[in-house]
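Chain residues, written in single-letter form:
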Amino acid sequence: GSAQDLIEFFRDERIGHQLNLAGDSYCSKLWQNDIAPRLHTLFENVEVKPSLLHGDLWSGNIGSVEGKPTIYDPATYWGHHEAEWGMSWCAGFGKSFWDGYREVIPEDEGFLDRKPLYDAYHQLNHYNLFGGGYISSARGDLETLKR
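Nothing here was measured: the structure is a model prediction, and the numbers come from that model.

Participant: Can you walk me through the environment of Leu129 in this structure?
Facilitator: Position of Leu129 relative to the elements: it lies in helix α5 (residues 111-130). You can call Leu129 exposed: its relative accessible area is 56%. Residues Leu129 and Leu21, 108 residues apart in the sequence, show an inter-C-alpha distance of 9.8 Å.

As structure tokens, this is what we get:
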């Protein structure tokens, strides 16, 4: 798939779906009016190659078997590699993990502008699964994207 396909997938099937489930009119309006129409601009001059993602990469889904690192309980999908960072707010991985990640996959220009998009997806998903204050975090991420 093309970069546009991945952007549309994230817009409609990731964030859009979570917003529909959440039923939060503020977040939905912010997304529909201010973010989704210009989502493609966040990916200008970025080569988006489909990557097989774990999709739920956090400390509760890693372990070791016979002394070797193991990840499990995936929510696997094809997307932009940066989307794995969406759980970094609760992953509990140390600096050495993320430094090692960046040795393998260097940071693309504009990543910090896109990171709130990935965070918002997981905040919305957590809100839909567990309720509580996750919606406030999602609002903050969406407000950051609006700027």
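So much for the structure itself; the text now carries on.
Participant: Looking at this structure, how should I read the environment of Val104?
Facilitator: Mapped onto the elements of the fold, Val104 is located in helix α4 (residues 95-104). We classify Val104 as exposed; its relative accessible area is 67%. Separated by 71 residues in sequence, Val104 and Asn33 have C-alpha atoms that sit 36 Å apart.

Participant: What is the right way to look at helix α2 (residues 25-35) in this model?
Facilitator: Residues spaced three or four apart along an α-helix point in a common direction, a consequence of the helix completing one turn every 3.6 residues. Burial in α2 covers these residues: Cys27, Ser28, Leu30, Trp31 and Ile35. The buried residues of α2 occupy one face: seen down the axis, they fall within an arc of 165°. Exposed side of α2, more than 90 degrees from the buried face: Lys29, Gln32 and Asn33 are the residues found there. Next to the buried residues of α2 lie α1 (3-22), α5 and α6 (134-146).

Rules used in this analysis
Residues numbered from 1 in each chain as written. Predicted model: local features only at pLDDT ≥ 70, side-chain atom pairs only at ≥ 80, totals over all residues. Heavy atoms only, no water. Helix = DSSP H or I, 4+ residues; strand = E, 2+ residues; numbered from the N terminus. Buried < 20%, exposed > 50% of the residue type's maximum accessible area, 1.4 Å probe, protein only. Arc of directions from axis to C-beta. Contact = heavy atoms within 4.5 Å.

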